[in-house]
Amino acid sequence: MNEANETSLTVLCNGLLHDGSQAPLRPADVWIRGDRILAVCEPGQVPLSNVVSVRRVDCQGRVVAPGFVDVHTHDDAIVLDQPDMLPKLSQGITTVIGGNCGISLVPVVTETPAAPLSLLGNRQFRYPDVPSYRAAVDATRPAVNIALLIGHTALRMQAMANLDRPANPAELQAMCALLDDAMQAGAVGLSSGVFYQPAFAADVDELAALVRVIAPYQGVYATHIRDELKGIMQAIDEAALTARLGGAFLVLSHHKCAGPLNWGRTRETLAHIEALAQQQPVGLDVYPYTAGSTVLREDLVDGIIDILITGSRPHPEMAGRYLADIAAEWGLTQVEACRRLQPGGACYFQMHQDDVDRAVCHPLTMIGSDGLPHDERPHPRLWGAFPRVLDQYWRVKGLLPLEQALYKMTGLSADRYHLEGRGRLQVGGFADIVVLDPDRVRDCATYAEPAQFSEGIEQVWVNGCLSYTAQGRACVGRAGRFVSRATQPG
């Protein structure tokens, strides 16, 4: 490689390279020019002649890896409202995929978002299409890249007046048209959340018709299935049938077996998903915690599990307290207290650690935080999910090799969502890079103190721009972009 007029380059030198695959770590230097990776070289090798200026970053004893891809987020609005994106950037995340669980900022237009769209905050929804949202991202220039799924619930709310039934032909046609426009403009797929009331009445015919729209674009169908409790097997089959009829890749969102009566069933669910994967393309995403987090729902209050309130509109002072304690103080049942606290959010300690471990370690699994950035006291996964995988599953428990843990956060995720040039450190790819200390990386966020920086994430580069350093624990550059799906229809 020779270039006569090269001026300014950056080289991350002396580090151990993880290239985004499951290959062993190896010593290598990574050269950056502009927003791209110019070269991946043997240590000390110079890829160009006539280099006038080189910024050298010594990564001795550190792992240099692709920036992490958070495949399950609700970051559609927060990238615009708080563009420094420190909860994600400080974990090493450089790309987020928004619009999960049927909940997306596009294409809804409303000043009063109802649940579950309110999980994206109480801001105005004012982006009727992907181009208008993309323009807002470009103008804001957040610190991380964002790719977008289009939410089935959002489509329903935009096209239907009555959500208590399946869409009629005219409504379905309107939803399909909105979705096709979004895919043409670069959305990466469709998400659904038939777990939530506004989408619960949708049947397989309605969902499969929408999946057929994304299939020619090689879009992904990601779904928060109808039931993660007793009916989980039937719900998995419904999701698989929907994706199969529509002809798209299926991602089962935040896979879990929720509720004490369901504990241990990941042995059954994962074996069933493996069998489905012999018939159709299937993947999972998982966060490494035993508690989930969503809106306050009476049907999730069983009097057994702990429920931590993350926010309440009528009683904001109750954020950070347990529902059982609030109920006792008010002299109410937990269900009655839940009703009084609504609308709001909570962490539900629904899972057994063994089930979480099996799901995280499964070969089909990607890592997603599922953080809710608008909660007053968010689940610690918002700040800690990715370093927690490296700490708990590689270093502490020894359940995953480091290369495999990193692959679940990088190459696997970028490949499944067709994020061209992301998730791998290779010549010509985008310079999204995390430099981490493998001996120190760990999450520090807790349920009591969720907004805590992780340790061991030393530098994060986004599109060739140094964006985060552990020394300052601050966003030092914003170079994120809207990321379009790489594949074209056909």
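Check the entry above for the structure.
If you're wondering where the values come from, they're calculated on a predicted model, not measured in any experiment. (Residues numbered from 1 in each chain as written. Predicted model: local features only at pLDDT ≥ 70, side-chain atom pairs only at ≥ 80, totals over all residues. Heavy atoms only, no water.)

Caption draft 1: Focus on the state of the cysteines. Within this structure, the stated rule accounts for zero disulfides. Cysteine Cys257 remains unbridged, with the sulfur of Cys361 as its closest cysteine sulfur at 15 Å. (Disulfide = S-S within 2.5 Å.)

Caption draft 2: Up close: the environment of Val476. Inspection of the secondary structure assignment puts Val476 in the segment after β22 (474-475). Separated by 43 residues in sequence, Val476 and Ile433 have C-alpha atoms that sit 15 Å apart. Residue contacts for Val476: discarding those within four places in its chain leaves Leu466, Ser467, Tyr468 and Thr469. (Helix = DSSP H or I, 4+ residues; strand = E, 2+ residues; numbered from the N terminus. Contact = heavy atoms within 4.5 Å.)

Caption draft 3: Helix α9 (residues 266-277), seen in detail. Given a rise of 1.5 Å per residue, 12 residues ought to cover 16 Å, and the 16 Å separating the end C-alpha atoms of α9 matches this to within 8%. When we look at burial in α9, the residues that qualify are Thr266, Thr269, Leu270, Ile273 and Leu276. Seen along its axis, α9 keeps its buried residues to an arc of 115°; they face one direction. The inward-facing, buried residues of α9 abut α8 (232-246), β13 (249-252), β14 (282-286) and α12 (353-361). (Expected span 1.5 Å × (residues − 1). Buried < 20%, exposed > 50% of the residue type's maximum accessible area, 1.4 Å probe, protein only. Arc of directions from axis to C-beta.)

Caption draft 4: Broad picture of the layout of surface pockets. Within this model, the largest pocket holds a volume of roughly 530 Å³. Broken down by secondary-structure element, the contributors of at least two residues to the lining of the largest pocket are α6 (197-200), β16 (307-312) and β17 (344-348). Classifying every residue of the lining of the largest pocket gives 10 nonpolar, 10 polar and four charged. Here the second largest pocket defines a volume of roughly 220 Å³. Considering the residues around the second largest pocket, the lining is formed by 13 residues, among which Leu229, Gly259, Pro260, Leu261 and Asp302 are closest to the centre. Partitioning the lining of the second largest pocket into residue classes produces seven nonpolar, three polar and three charged. (1 Å grid on protein atoms, 1.4 Å probe; cavity = no way out; pocket = protein on both sides within 12 Å on 5 of 7 lines; lining within 4 Å. Points joined across faces, edges and corners; volume = space filled by probe spheres on them. Nonpolar A, V, L, I, M, F, W, Y, C, P; charged D, E, K, R; others polar.)

Caption draft 5: A look at the sheet that holds strand β15 (residues 292-295). On the basis of which strands lie adjacent, the open sheet formed by three strands has the order β15-β17-β16 and antiparallel pairing. Of all the strands in the sheet, the pair left with one neighbour each is β15 and β16. Taken over all neighbouring pairs, the strand axes of this sheet differ in orientation by 20° on average, direction set aside. Bridge analysis of β15 against β17 gives four bridges, and the strand direction is antiparallel. Its bridge partner being in β17, Ser293 is matched across the sheet by Cys347. (Pairing = 2+ DSSP bridges. Axes fitted to C-alpha atoms, helices over the stretch in contact; angles between N-to-C directions.)

Caption draft 6: Expanded view of the side chain of Thr266. Tracing the sequence through the fold places Thr266 in helix α9. Its relative accessible area of 1% is what places Thr266 among the buried residues. Aside from chain neighbours lying at most four places away, what touches Thr266 is Cys257, Ala271, Asp355 and Arg358.

Caption draft 7: Spatial organisation of the sheet that holds β14. Strand order in the open sheet formed by eight strands is β6-β7-β10-β11-β12-β13-β14-β18, with parallel pairing between adjacent strands. The strands lining the two open edges of the sheet, one partner per strand, are β6 (68-70) and β18 (365-367). Across the sheet, the mean angle separating the axes of adjacent strands is 30° when strand polarity is ignored. Contacting β11 (189-193) and β12 (220-224), helix α7 (residues 204-214) crosses the sheet at an angle of about 160° to β11.

Caption draft 8: How the structure looks around the environment of Asp181. When you line up the elements, Asp181 lands in helix α5 (residues 169-184). The class of Asp181 is partly exposed, set by a relative accessible area of 48%. Between the alpha carbons of Asp181 and Val213 there is a distance of 9.9 Å; along the sequence they are 32 residues apart.

Honestly, it's all geometry; don't read function into it.
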